[in-house]
Amino acid sequence: MKAAVLTGVKKIELQEKDLKPLRSNEVLVKVKAVGVCGSDIAYYQRGQADIPPPIILGHEFTGEIVELGPIAKDLGIVKEGERIVAEPVQACGVCQPCKNASTNLCAKPTVLGVNVDGGFAEYCKVQYNYIHPLPRNVSYEEGAFTEPLACALYGVGKMRIQPGDFCVVVGPGPIGLMMLQYIKASGSGKVALIGTRDYRLKLGGKLGADYLINTRERGSKYFAENPVERIKEWSDGAGADAVIVATGNIEANELGISVAGAKSRVVFFGGAGYGPEEQARINLWQGTLRDMEIHYSWLSPYTFPKAIKAISQGLVKVKPLITHTFNLNKTAEAIETVEQRKGNPLKVQVKP
Ligand SMILES: [Zn+2]
Ligand SMILES: [Zn+2]
């Protein structure tokens, strides 16, 4: 099969690779659409994911089942020809976190595109218990948003949104723009979207944000010198009831705390802080007086079905987020488009 293989720092080569036989717990998937994730950029720049190269990246993908391993065959729960989305973080099922239902903290996960070969290829092997059927009305391209959306929904769940809550989303990337829509669908009140690029904020406005703040581009009509004051004005002096920060940027995470009001829930989403050494400064006294809750959100334990439903029912529109599509032999270009923000990208996809 043809595969886009990461071979070193900023090096992706199209190679012909032999497919090893399926293990008993695997099925073979013909890949149809793969999304480029922020973490793919980091692996590309470092020249390695969680294992040394060569490795095929890509963990946000859909495809068609073309071959069943023995267990899937015996169970009879999936068929060849079925349209599916792969859940890339395949927990071991036997470590302590797994046994305590915290599969997102699994000690020995097999992660497609991170520590085993992933989706930037014609075919990918997926464990039979980590495939989810795609509803008929969800295209392969839309289905490829399931993984990031499943992560987003896990985070949004921690906001514990009540009807009418004033919510803030910091970071209007593809994830933040999906969160925004799901927050709205969860019965929130007004939602403010805070970012640093107008093209992303404008799309957020179309997708349901009530208020927009640009913290960086001074020429922007959404520019606010003091976002905290702005949020206070819009929330009748109260501050936000629930906040989610969908960027690793430290200042953005600190801002997320600052805009939150009394009894608020603030969620730091995903790779908050970009790196293992990053520290944020928060005002402990103010947080105490606000009786505030701070949460983290990591991966997507058991949220795939919810995410698929949200796409299928139109609660979260993902099509408007696709800005670029590339062939498999242009995988490096796809990754560079996101890395260098060529042509105002949001979600970039590869179609093998
Ligand atoms: Zn990802
Ligand atoms: Zn485990």
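Shown above is the structure to which this text applies.
Conventions and cut-offs
- Residues numbered from 1 in each chain as written.
- Chains lettered and ligands numbered in written order.
- Predicted model: local features only at pLDDT ≥ 70, side-chain atom pairs only at ≥ 80, totals over all residues.
- Heavy atoms only, no water.
- Helix = DSSP H or I, 4+ residues; strand = E, 2+ residues; numbered from the N terminus.
- Contact = heavy atoms within 4.5 Å.
- Areas by Shrake-Rupley, 256 points an atom, 1.4 Å probe, with all protein chains shown as cover.
- Buried < 20%, exposed > 50% of the residue type's maximum accessible area, 1.4 Å probe, protein only.
- Arc of directions from axis to C-beta.
- Donors = N, O, S within 2.8 Å, 3.2 Å for Na, K, Ca; no water.
- Tetrahedral: all angles 85-135°; square planar, octahedral: opposite > 155°, others 65-115°.
- Axes fitted to C-alpha atoms, helices over the stretch in contact; angles between N-to-C directions.
- Parallel < 35°, antiparallel > 145°, perpendicular 65-115°, else oblique.
- Left-handed = near helix turned anticlockwise from the far one by under 90°.
- Nonpolar A, V, L, I, M, F, W, Y, C, P; charged D, E, K, R; others polar.
- Pairing = 2+ DSSP bridges.
- Salt bridge = Lys/Arg side-chain N within 4 Å of Asp/Glu carboxyl O.

### A short note on the overall build of the protein
Helices and strands together make up the secondary structure of the protein, namely 12 helices and 17 strands. With the principal axes as the frame, the protein shows a C-alpha extent of 60 × 40 × 40 Å. Residue pairs in contact within the protein that sit at least 24 positions apart in sequence constitute 69% of those at least 6 positions apart. Of the roughly 16,100 Å² that the protein leaves accessible, carbon and sulfur atoms contribute 49%.

### Describing the environment of E278
As for its placement among the helices and strands, E278 is situated in the loop between strand 14 (260–269) and helix 10 (284–289). According to the relative accessible area criterion, E278 is partly exposed, its value standing at 45%. In this structure the C-alpha to C-alpha distance between E278 and I257, which are 21 residues apart in sequence, comes to 16 Å.

### Brief notes about helix 11 (residues 304–312)
Restricting attention to buried positions, one finds in helix 11 the residues F304, A307, I308, A310 and I311. The buried residues of helix 11 occupy one face: seen down the axis, they fall within an arc of 160°. On the buried face of helix 11, the contacting elements are strand 5 (83–86), strand 9 (131–133), helix 4 (140–143), helix 5 (146–157) and helix 6 (174–185).

### Regarding the coordination of the zinc ion (ligand 1)
At 2.1 to 2.2 Å from the zinc ion (ligand 1) lie its protein donor atoms, namely C37 (SG) and H59 (NE2). Note that C37 is positioned in the loop between strand 3 (26–35) and helix 1 (38–46) and H59 in the loop between helix 1 and strand 4 (60–68), a separation of 22 residues in sequence. Looking at C37, the relative accessible area reads 17%, which means it is buried.

### So, the coordination of the zinc ion (ligand 2)
The protein atoms that coordinate the zinc ion (ligand 2) are C92 (SG), C95 (SG), C98 (SG) and C106 (SG), at distances of 2.3 Å. Around the zinc ion (ligand 2), the four donor atoms are arranged such that angles at the metal cover 102 to 121°; this shape is classified as tetrahedral. One chain supplies every donor to the zinc ion (ligand 2), and in sequence these donors are spaced C-x2-C-x2-C-x7-C. One end of the pair, C92, is in the loop between strand 6 (89–90) and helix 3 (96–99); the other, C106, is in the loop between helix 3 and strand 7 (110–111), with 14 residues separating them in the sequence. Note on C92: relative accessible area 30%, which makes it partly exposed. Exposure remark for C106: the relative accessible area of 9% places this residue in the buried category.

### Regarding the packing of helix 5 against helix 11
At a minimum axis distance of 8 Å, the contact between helix 5 and helix 11 shows a crossing angle of 110°. The pairing of helix 5 with helix 11 is recorded here as roughly perpendicular in orientation. The handedness of the crossing between helix 5 and helix 11 comes out as right-handed. Here helix 5 contributes T146, E147, L149, A150 and L153 to the contact with helix 11, which in turn contributes F304, K306, A307, I308, A310 and I311. Here the residues of the contact of helix 5 with helix 11 are counted per class, giving eight nonpolar, one polar and two charged.

### Description of the sheet that holds strand 13 (residues 240–245)
What the six strands build is an open sheet, ordered 12-11-10-13-14-15; its pairing is parallel. The two strands at the open ends of the sheet, each matched to only one other strand, are strand 12 (211–214) and strand 15 (293–297). In this sheet, neighbouring strand axes are inclined to one another by 15° on average, regardless of whether the strands run parallel or antiparallel. Relative to strand 15, strand 14 runs parallel, the two being bridged by five bridges. By the bridge assignment for strand 15, F269 is matched with S297.

### What about the pairing of strand 3?
Here is the key point about a regular strand: its side chains alternate between the two faces of the sheet. Burial of strand 3 is extensive: eight of the 10 residues sit out of reach of the surface. Note that strand 3 and strand 8 (residues 123–127) share five bridges and pair antiparallel. Bridge assignment links L28 to a residue of strand 8, and that residue is K125. Bridge count for strand 3 against strand 4 is eight bridges, and the pairing is antiparallel.

### Focus: helix 7 (residues 198–206)
Inspection of helix 7 places D198, R200, L201, L203 and G204 among the buried residues, and these make up the whole buried set. In the segment just after helix 7, G208 is the residue with positive phi, at about 125°.

### Concerning the pattern of salt bridges
For the structure shown, the criterion picks out 12 salt bridges. D210 is paired through a salt bridge with K184; the nearest N and O atoms lie 2.7 Å apart. You can see D210 sitting in the loop between helix 7 and strand 12 and its partner K184 sitting in helix 6, a full 26 residues away along the chain. Overall, D210 belongs to the partly exposed group, its relative accessible area being 31%. Looking at K184, the relative accessible area reads 29%, which means it is partly exposed. Of the charged contacts, one joins R216 and E217 as a salt bridge, the two residues approaching to 3.8 Å between their closest N and O atoms.

Function cannot be read off these values alone, since they describe shape.
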